[in-house]
Amino acid sequence: MYRRLLININQVRNRLIHTHNTRLTLPSTKCKERESFAPVAWAPCAARPLGTSSISFSENKESSTSLSEDKGKTAEENEVNAEVNTDGQRNTEMNEGTEISNATLTSQLETEPVVKPEDRKQVEKTKSGKESLLELLGAMKVEVTTVRKIRPSKTPRMSERPNQEPMESTHSMFQRATAEGSQQHGTLNPELVAAVSAAASTLPNRHQAESELLKQLRKHEAIPDTQRRADIGHIISDMKVGKRPNGRSNVRPTSQIRFDDDGKGYTQDRGITSELDGVRRRKSPFTSKRLNLFAAAAEQDALSDLGPTLWDIDLVNQIVQATNQMPRNGFEEMIQWTKEGRLWLYPINNEAGLEEEASVPFHEHVFLEKHLDESFPQQGPVRHFMELVITGLAKNHHLTVQQKKEHIDWFRDYFRQKEDVLKEAEAYLN
Amino acid sequence: MASSCSQALRHHVCKSSRLLRVHLQKSWTNRSFEGAVCVSSSFALNSAADQQPAVSSPEEIVIPKKKTWSKEAVLQALASTVKRDPTASDYRFQDDPYLTPKTSSEFKLFSLSQESGRNAAKYFINTYPKYFQKDYAQPHIPCLMPDTLEAQIEEVSEAALIERIGMRKVKAAVDLYDQLLQAGTSVSLDVTNQLLDLICFYGDHDPAQENVPEQRNEETEDVQDEPQAKKGRAAKASDLLKATWKEKNNAERIFALLSEPNTHSYSALIRGMVKYGAYSKAFSTYTDLLNSRLKADVHTFNALITAAPEVKEKYNEKWELIVDLLKQMAEQKVKPNLLTLNAVLKALRRCGTVGKSQAFPVISEMKALSIDLSLASYSHLLAIFYKPGAPIQGQTDILQEVMNEVSGKSFTPQDPDDAQFFITAMRICLDTKDMEQAYRVHELLGVGENWRLLGNDFQQNIYYARFFSLLCMMENIDVMLKWYRDLVPSVYYPSSNVMRDLLQALDTDNRLDLIPQIWKDIKQLGHANRQNLVEELLTLMAREKHNQEVQESFAECALDIKKIYDTGDRGKVLLNWTAGSLSDLISVLLAAHRRQDAWDMLKLFKTHNRVPSEELLNKFLMCVKEDGDVNQAVELVQISAGFCLPGTPKLIQRVQQEFELTEQQRKMLSDLEIQSFNSE
């Protein structure tokens with residue numbers, strides 16, 4: 001995945017170079033760039049044209065401020081960040097973007113200042129959740145090595161500087177983007193989202209570009225903090241500071257024109273941001289902050305030891321009364337009857353209701369001779385009668401074993417009482 | 001490539017055969033078939049022949065445990081196969097086709113009579129238990145046997161007290177308790193608490209005869225006109241108002257007698273006080289509880305939260321009191337339950353704007369304590385954000401949020417207010433005219449057992465009335481009619497107002513040709529005697545010209561309506577002719593070229609002392625002219641003159657010009673002309 005991303009980035013770079021080379025609208029930039037681009041070292045080249053745009057911005061907007069070399073450098077540095085950032089984010093969609101030559105390049109340039117402020121902040125704070133940018137900056141390291149000699153002197157300065165000027169320069173632009181209504185976007189930083197939407201607005205297929213950019217950003221958000229932190233040192237140290245090339249102020253007018261011609265520069269994208277805003281807001285109410293009154297693991301109070309109280313019963317009763325308990329069809333009525341115990345249970349079991357007999361084996365029912373032991377005569381009419389009785393009882397499935405025993409016991413008592421009579425009749429032989 | 005492909009295929013086959021085998025095993029053993037294992041394993045051998053190692057190891061066969069079914073499982077499975085039949089009436093009426101209700105009043109009557117029949121039977125069984133002692137059922141069915149309503153234990157003992165408490169005889173239990181104390185026997189704390197529960201629950205009154213769900217709405221509902229959502233609740237409130245917490249009642253007396261009341265005792269007392277409106281007293285009792293160094297239970301807090309809005313005036317103060325109670329809950333390590341959440345939300349309904357800001361934090365708090373919201377919570381939430389009658393500004397998304405949360409979920413009833421959700425949600429849909437959410441609400445109703453939470457018949461009627469009004473307003477006529485056929489009359493009997501909405505919807509979408517069909521339904525639903533509705537129907541039919549076929553059906557319909565006007569109910573006149581309805585009716589008949597019928601109708605103006613409009617007479621004359629009936633034209637003029645209509649001269653002129661009149665007629669007309677001239 002990551003390799004593919006890099007490949008993509010490289011492709012984008014190459015195309016970018018091509019578009020630069022073949023540009024007609026900016027002859028002055030073209031020739032200069034061609035020289036610088038020729039030695040395929042990409043990073044400086046890519047940084048330069050982008051840097052100019054920001055410079056042109058800053059020049060235009062703070063005409064009174066003298067543009068020192070330092071300022072220019074820091075601004076450019078940020079451009080580098082921004083460029084890599086956007087590049088990586090839209091690894092695929094940038095392909096399309098760059099293919100559309102002039103227009104896209106200008107748009108590319110246009111987006112840079114928008115993204116810039118965050119990068120600046122992020123570099124300074126080194127914590128504020130812009131890991132995506134950093135990740136991609138990390139990827140850039142290899143190319144940067146060509147200009148590493150500048151690094152040691154420049155980086156400390158850069159990271160210390162408050163950097164207000166570029167912020168100012170892009171201020172109006174940034175405002176335009178943020179005014180689109182995104183204050184906060186899900187887990188992403190709101191400014192970042194605004195920047196993304198602004199960037200996407202410059203691309204031909206805005207919706208797709210924007211959603212992809214955001215997806216990419218979120219993916220990077222997911223990368224754990226520690227890893228991020230570790231990277232930052234590298235990245236900052238590997239950061240390259242470019243020079244400010246001169247005489248490229250005509251970049252901006254073209255981009256301006258493009259927006260005017262198009263007629264739907266930021267206005268269209270307002271719809272998207274508000275839509276995204278809607279998505280964000282949709283999640284907010286039920287995930288809003290809590291009152292924080294209770295500790296999460298509050299103890300369950302140990303009640304209900306006495307079974308349901310009158311109040312519990314009443315609550316259930318109220319609920320039953322409030323809800324619709326009418327059966328909608330015959331089966332539901334049968335369910336109701338089953339619950340009331342009025343219906344034979346399904347699946348049909350012919351031992352239903354014989355729970356106390358379930359543990360009694362069948363032979364207890366059938367072989368009852370053992371109950372006719374010594375208390376009955378061993379032979380004779382009484383014995384014969386009792387054998388008939390137990391045969392009948394063995395076949396009787398209505399009585400429980402206990403009842404059968406009682407039945408036999410009754411006869412035992414009976415014959416004992418009548419023992420005299422039976423003996424007289426010589427029927428009782430023992 | 002090919003090998004890997006075949007490998008993949010084989011793997012797939014193995015997997016599926018294993019799956020099949022597992023399936024078979026399950027199904028066999030589910031039926032607790034004795035030889036299930038060997039059968040299924042041999043099957044596995046055959047079907048997964050290429051999977052030698054797996055089959056050859058016998059230990060792989062795991063015999064699943066025998067599944068024990070719940071006793072309703074089979075029936076539930078069967079019931080889930082039955083779908084609602086939109087052409088059938090409710091299930092409870094299907095026994096007797098003669099008693100299939102056609103109108104809402106019949107529905108009410110029949111369902112109530114069925115229920116009251118059951119109650120009557122139960123009453124007799126319980127009143128005369130000695131006649132119902134024969135137990136035919138085997139196994140024994142307790143619910144068919146009479147309940148014992150008389151106390152069995154006569155002596156003065158704790159057992160007798162427990163029995164009386166169980167039978168909810170408040171007075172007898174209190175008397176017995178007093179007797180026990182006088183005799184010097186001490187009653188255990190548990191039993192005393194139960195007694196307190198009983199007294200507090202019934203507010204120191206003997207409970208009325210137990211009600212059955214259907215009975216309670218008897219006098220509250222009036223389904224004929226636009227129903228009021230709060231009627232059900234109002235009835236309950238009035239029940240509560242009847243009994244109030246009295247100073248020094250038995251509960252307080254017995255409580256005072258307790259040497260060491262525990263949490264349960266306090267809980268019973270506080271809940272009783274809150275139930276019977278002694279709110280500030282409940283709070284002071286709670287203070288007593290704290291002073292005696294006891295902890296309250298969750299029910300006490302729930303009751304107090306319910307009472308909180310009653311004891312404070314300002315919104316802020318109410319909310320602060322609730323927060324304070326919640327904090328004390330946390331301090332006393334009492335875990336809130338769903339009812340706590342619902343009580344807080346219900347209280348927030350009366351906290352105005354505070355409610356709007358605090359509702360979601362409260363819900364988040366409770367969610368963090370892993371309390372799942374019930375429909376009542378959502379219902380309260382909606383009520384907080386959408387006050388009835390208040391203007392709706394930009395809060396439509398709250399309903400959407402709620403629907404996002406709930407849609408697709410099946411809810412179980414957990415709170416008596418759960419049944420308010422659907423009608424509340426539908427009210428908001430109607431207020432905001434949000435068809436999309438209305439469909440989502442209705443979809444939710446179809447999920448799982450959610451239909452039970454729609455509530456009783458009365459609430460169902462409100463719900464469907466709202467849904468249907470919204471449909472009439474927002475949907476195109478075909479969709480609306482689809483719903484109409486689906487809902488009416490199997491679950492919903494529309495009121496006359498809703499039928500008017502329906503007519504208006506027909507009008508908007510130019511489907512007036514359906515009116516005769518709707519008229520049939522109106523008649524069946526018992527709204528044929530609604531003057532407004534019938535007049536509106538006639539106006540709609542008379543207003544425009546339609547093609548011949550439609551006009552013909554309109555005319556039939558009009559004559560049908562005329563019959564309603566004529567017959568009346570047992571000598572009582574149901575509908576009164578007005579000039580408007582008469583002329584509309586005549587116009588309809590004329591448009592269908594039913595001159596004779598129309599002519600008969602025209603005479604009704606005279607009999608009912610109504611005056612026809614000029615326009616109608618002109619229309620009539622046109623129709624007469626088409627047929628060239630001179631006599632009738634003259635008669636028409638005479639009628640017009642009879643009403644002294646100002647347009648009579650014009651009418652005479654027209655007749656004179658447009659018809660070939662005989663001499664006599666000419667003379668008559670000129671006489672009339674002079675007459676009318678003079679009268680002016």
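Residues numbered from 1 in each chain as written. Chains lettered and ligands numbered in written order. Predicted model: local features only at pLDDT ≥ 70, side-chain atom pairs only at ≥ 80, totals over all residues. Heavy atoms only, no water.

Caption draft 1: Here's a closer look at the overall build of chain B. Broken down by element type, chain B carries 32 helices and zero strands. A total of 680 residues make up chain B; the buried ones form 46% of that total. In chain B, the share of contacts with a sequence separation of at least 24, taken over all contacts with a separation of at least 6, comes to 67%. Element-wise, carbon and sulfur atoms account for 53% of the exposed surface of chain B, whose accessible area totals about 34700 Å². (Helix = DSSP H or I, 4+ residues; strand = E, 2+ residues; numbered from the N terminus. Buried < 20%, exposed > 50% of the residue type's maximum accessible area, 1.4 Å probe, protein only. Contact = heavy atoms within 4.5 Å. Areas by Shrake-Rupley, 256 points an atom, 1.4 Å probe, with all protein chains shown as cover.)

Caption draft 2: Representation of the overall build of chain A. The number of helices and strands found in chain A is 21 helices and zero strands. Relative to its full complement of 430 residues, chain A shows a buried share of 47%. Counted over contacts in chain A with a minimum sequence separation of 6, partners at least 24 positions apart contribute 78%. Taken as a whole, chain A presents about 21900 Å² of accessible surface, with 54% of it coming from carbon and sulfur.

Caption draft 3: Structural context of the packing of helix α22 (residues 477–487) of chain B against helix α23 (residues 496–508) of chain B. Residue and element names in this part refer to chain B. α23 packs onto α22 with a crossing angle of 150° between their chain directions and a minimal axis gap of 10 Å. In this view, α22 runs roughly antiparallel relative to α23, as classed from their interaxial angle. For the pair α22 and α23, the sense of crossing is left-handed. Along the contact surface, α22 presents Ile477, Met480 and Tyr484, while α23 presents Met499, Leu502, Ala505 and Leu506. Tallied by class, residues from the contact of α22 with α23 come to seven nonpolar, no polar and no charged. (Axes fitted to C-alpha atoms, helices over the stretch in contact; angles between N-to-C directions. Parallel < 35°, antiparallel > 145°, perpendicular 65-115°, else oblique. Left-handed = near helix turned anticlockwise from the far one by under 90°. Nonpolar A, V, L, I, M, F, W, Y, C, P; charged D, E, K, R; others polar.)

Caption draft 4: Quick peek at helix α20 (residues 401–417) of chain A. Residues and elements named next belong to chain A. Between its first and last C-alpha, α20 extends 24 Å over 17 residues, near the 24 Å set by a 1.5 Å rise per residue. Of all the residues in α20, the buried ones are Val401, Lys404, Ile408, Phe411, Arg412 and Phe415. The arc enclosing the buried residues of α20, seen along the axis, measures out at 105°, which places them on a common side. Within α20, the exposed residues directed more than 90 degrees away from the buried face are Trp410 and Gln417. At its buried positions, α20 is contacted by α18 (362–366), α19 (381–395) and α21 (419–424). (Expected span 1.5 Å × (residues − 1). Arc of directions from axis to C-beta.)

Caption draft 5: Summary view of unusual backbone geometry. Residues and elements named next belong to chain B. Of note, the amide linkage connecting Val488 to Pro489 takes the cis form, showing an omega dihedral of -10°. Residue position: Pro489 is located in the loop between α22 and α23. The backbone phi angle of Arg168 is positive, close to 60°, even though this residue is not glycine. Looking at the element boundaries, Arg168 is found in the loop between α6 (158–166) and α7 (170–182). Non-glycine residue Asn510 carries a positive phi angle of around 55°. Residue position: Asn510 is located in the loop between α23 and α24 (515–524).

Caption draft 6: The arrangement of the confidence of the model for chain A in detail. All names here are of chain A. Per-residue confidence for chain A averages 59 on the pLDDT scale, and 31% of its residues sit at or above 70. Within chain A, helix α14 (residues 251–262) has the poorest average pLDDT of any element, 39, and α19 the best, 92. Contacts of residues 141–186 to residues separated by more than four positions or lying in other chains number 85 contacts, the stretch itself having pLDDT below 50. Here residues 241–271 scores under 50 on pLDDT; set against residues more than four positions off or in separate chains, the count is 62 contacts. (pLDDT = per-residue confidence, 0-100.)

Caption draft 7: Summary view of the packing of helix α27 (residues 579–591) of chain B against helix α29 (residues 614–627) of chain B. All names here are of chain B. At a closest axis distance of 10 Å, the pairing of α27 and α29 adopts a crossing angle of 20°. The angle between α27 and α29 places the two elements in the roughly parallel class. Once α27 is placed against α29, the crossing between them reads as left-handed. Of the residues in α29, those touching α27 at Ser583, Ile586, Ser587 and Leu590 are Leu616, Lys619, Phe620 and Cys623. Among the residues making up the contact of α27 with α29, the classes are represented as five nonpolar, two polar and one charged.

Caption draft 8: Just the environment of Asn456 of chain B, in detail. All names here are of chain B. Note on placement: Asn456 falls in the loop between α20 (435–445) and α21 (457–474). Each C-alpha atom, one on Asn456 and one on Ala419, is 8.4 Å from the other, the two residues being 37 residues apart in sequence. Among the polar contacts listed, one links the side chain of Asn456 to the backbone nitrogen of Gln459, at a separation of 3.0 Å. (Polar contact = N/O pair within 3.5 Å; in protein donor to acceptor, adjacent residues only side chain to side chain.)

Caption draft 9: Highlighting the interface of chain A and chain B. The partner chain B presents 77 residues to the 57 residues of chain A that form the contact. Carbon and sulfur atoms make up 66% of the area that chain A and chain B hide from each other, which totals about 5900 Å². Broken down residue by residue, the surface that chain A buries against chain B is led by Phe286, Phe294 and Trp311 of chain A, which jointly contribute 17%. Run the count over chain A and chain B and you get zero salt bridges. Sorting the residues of the side of chain A that touches chain B by element identifies α15 (267–283), α16 (310–322) and α17 (330–340) of chain A as the ones contributing at least two each. At 11 residues, α16 of chain A tops the list of elements feeding residues into the side of chain A that touches chain B. (Buried area = accessible area lost by both parts, 1.4 Å probe. Salt bridge = Lys/Arg side-chain N within 4 Å of Asp/Glu carboxyl O.)

Caption draft 10: Just the packing of aromatic side chains, in detail. Residues and elements named next belong to chain B. For the structure on display, the rule yields 30 aromatic pairs over all chains. A centroid spacing of 4.7 Å and a plane angle of 90° characterise the contact between Phe201 and Tyr202, whose relative ring orientation is edge-to-face. Exposure remark for Phe201: the relative accessible area of 4% places this residue in the buried category. Consider the rings of Trp599 and Phe620, whose centres lie 5.6 Å apart with planes at 65°: the pair is edge-to-face. Of this pair, Trp599 sits in helix α28 (residues 595–607) while Phe620 sits in helix α29, placing them 21 residues apart in sequence. (Phe/Tyr/Trp six-rings, centres within 6.5 Å; stacked < 30°, edge-to-face > 60°.)

Caption draft 11: View of the confidence of the model for chain B. All names here are of chain B. With 84% of its residues at a pLDDT of 70 or more, chain B shows a mean pLDDT of 81. A low-confidence stretch, residues 1–55 stays under pLDDT 50, and its non-local contacts, those more than four residues away or across chains, total 31 contacts. Under a pLDDT of 50 for its full length, residues 211–240 has, in the predicted model, 47 contacts with residues more than four places off or in other chains. This prediction of the complex comes with two scores: 0.63 for pTM and 0.75 for ipTM.

Caption draft 12: Molecular detail of the UniProt feature "repeat: PPR" (unreviewed entry) in chain B. The UniProt record annotates "repeat: PPR" (unreviewed entry) at residues 262–296 of chain B. In residues 262–296 of chain B, helix accounts for 74% and strand for 0%; the two terminal C-alpha atoms are 9 Å from one another. (UniProt positions renumbered as here; feature names shortened; annotations may be inferred.)

Caption draft 13: Up close: helix α31 (residues 648–658) of chain B. All names here are of chain B. Along α31, the residues classified as buried are Thr648, Leu651, Ile652, Arg654 and Val655. The buried side chains of α31 occupy one side of the element, clustering within an arc of 160° when seen end-on. Across from the buried face of α31, at angles greater than 90 degrees, the exposed residues are Lys650 and Gln657.

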